[in-house]
Every structure is written in structure tokens, then in C-alpha cells.
Amino acid sequence: MEIKKKKNQFLISLNPKIYPLEAVYGACYVFIDRAYLFLDGNPEKEIKVFIKGKEELNSKELEKIAGEFKNELLNYTLRLSIAKNTRKIRETIVERALFSALPHQEEEFFPEKEKRGEKEKKLVEEDPLGIAIPWEEKYGKKK
Amino acid sequence: MSINFNKDFYSLEAIKKAIQGYKGLADFDIKIDKKNIKVNLKNIDPDSKDVIKEEFCNYVLGLMKNA
């Protein structure tokens, strides 16, 4: 990362292999209300971000904005990386949530569940332990 | 006044949308070459003459984020 300062503006040169373009857009968006931003360069080799203060800024204020911009870039880069790494699990969670909202279709996608239900039904009907027989009938005194 | 937008960073769609938003402040004209989208501004509203270029660039960039 290289920073060149001029009066009330500076230029940051970024390596797109470290900072993806999407992260650069995100960081720029955060500063849109505080500064004027312009992108140029080559997205494969070098991304140039021109940042100009909306108001007249002294050297200290410019440095502060540059530092905050760099932090925001890192923030967005990390967020993108986490989003990329957890994409599959997030998709699975959403898919599962949508499937459970459709009870009829669930049997179609999870046939084992249906089989298990049938087995349970059969067991209840057969009642091998005699659980369904009333206590009086099973252990009560014979009249 | 003209602005050269690098095609690798700015889309024509975003620029056209931004022009729609700024059409009351100037007359816009677009020219496209191999690398850039050149936007020419004429008859700029006198009140916004000093900031229109930078504000327009910011507006296009904001649209790129949402694209």
C-alpha cells in the first residue's frame, strides 16, 4: 500500500491481490459522506483510490482519514473472507429452514423419516408390551 | 468539463443512473472508448459548478457499491 499526499487530497495505491475490488468499493462507500473518492488504475495489478476532503483539511486530518480508510479496507476484506468461508453452511441453514416450512414436501426429500413414522405406527398397532391395555384390565381383580 | 471513468471500475449502467439523478443540474453527454467512459458536462447550474464533478463521481461510486 502506497500513499501520496497533496494539498487536501491523497492517493492510495492498493494491491488487488490483498485488497479485493469489492472491499475497496465497500470502504469507499463508508467515506462517501466525508470525502470525494475516485477510482482508477488496473484491477489486476494496482487499484488507485483518489481521496479529496469535502472541506479544507490539514495534514493531520488527512492522515487521520487515510488511517481510517486503511482500517475500513481491512474490515471489508475480512468480512468478505468470512462470507466466502461460511457461504456453504449459511446456504445449508437457509435451505433446511425453507424445507421445514413445507411439511408435505419434507417427506419427499427425507423418505427415511417417513419410513420411521410407519415403523412407529406399526409398533403402536401391534403393542407387543401391552402398553395400550388399561391397568384394570391387565392387573385388576377378576370379578 | 469532462470526467473519465475507468471501465474496469465504473459501469455504464451506474453512470446512466447517476445522470438521471443529476439531469436537472447540467447537460450530460457520454462517449465510450476502449478504456474509459467519458462524461461531458455542459450548461452546468451555476450554484453547483464548484462541486458537481466530485459529487457526481461520488454518486456513481455509491451506485457501484449497490450494483
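Above: the structure in question.
What counts, and at which threshold
Residues numbered from 1 in each chain as written. Chains lettered and ligands numbered in written order. Predicted model: local features only at pLDDT ≥ 70, side-chain atom pairs only at ≥ 80, totals over all residues. Helix = DSSP H or I, 4+ residues; strand = E, 2+ residues; numbered from the N terminus. Rg over C-alpha atoms; globule rule 2.2 N^0.38 Å. Buried ≥ 20, exposed ≤ 12 C-beta atoms within 10 Å, placed from the backbone. Contact = placed C-beta atoms within 7 Å. Nonpolar A, V, L, I, M, F, W, Y, C, P; charged D, E, K, R; others polar. Pairing = 2+ DSSP bridges. Axes fitted to C-alpha atoms, helices over the stretch in contact; angles between N-to-C directions.

Enquirer: Is there a simple way to think about the overall build of chain B in this case?
Expert: Helix and strand content of chain B: two helices and three strands. Start at the N end of chain B and walk to the C end: the helices and strands fall as β-α-β-β-α. Scaling as 2.2 N^0.38, a compact globule of 67 residues should have a C-alpha radius of gyration of about 11 Å, and chain B matches this with 11 Å. A principal-axis box enclosing the C-alpha atoms of chain B has dimensions of 30 × 25 × 15 Å. Within chain B, buried positions represent 25% of all 67 residues.

Enquirer: Even after reading the chapter, I still don't get the overall build of chain A, so can you show me in this structure?
Expert: Looking only at helices and strands, one finds six helices and four strands in chain A. For chain A, the α and β elements follow one another from N to C terminus as β-β-α-β-β-α-α-α-α-α. Split into buried and exposed, the 143 residues of chain A put 15% on the buried side. Put simply, 54% of the contacts in chain A that link residues at least 6 apart link residues at least 24 apart.

Enquirer: Honestly, the interface of chain B and chain A in this entry has me stumped. Any pointers?
Expert: Interfaces are often sized by the accessible area lost when the parts come together. Contacts between the two partners involve 10 residues from chain B, matched on the other side by 13 residues from chain A. Looking at the side of chain B that touches chain A, the element that brings in the most residues is helix α2 (residues 52–66) of chain B, giving seven residues. Of the residues contributing to the side of chain B that touches chain A, the split by class is four nonpolar, three polar and three charged.

Enquirer: Is there a simple way to explain the pairing of strand β3 (residues 36–42) of chain B in this structure?
Expert: Note on strand geometry: in a regular strand, side chains alternate between the two faces of the sheet. All names here are of chain B. As defined by bridge partners, strand β1 (residues 2–6) adjoins β3 across five bridges and the pair is classed as antiparallel. Looking across to β3, one finds that Ser2 is bridged to Asn40. Inspection of the sheet shows strand β2 (residues 27–32) paired to β3 by six bridges, in the antiparallel sense. Across the sheet, residue Lys31 finds its bridge partner in β3, namely Lys38. Where β2 folds back on β3, the antiparallel hairpin that results is connected by three residues.

Enquirer: Just checking my understanding: could you explain the sheet that holds β3 of chain B for this structure?
Expert: Two strands in a sheet stick together by hydrogen bonds in their backbones, pointing the same way (parallel) or opposite ways (antiparallel). Residues and elements named next belong to chain B. As summarised here, the arrangement of the three strands in space is β1-β3-β2, forming an open sheet in which the pairing is antiparallel. Only two strands of the sheet have a single neighbouring strand rather than two, namely β1 and β2. Recorded for the sheet is a direction-independent mean angle of 20° between the axes of neighbouring strands. Along the sheet, helix α1 (residues 12–22) contacts β1, β2 and β3; its crossing angle with β3, the most-contacted strand, is approximately 10°.

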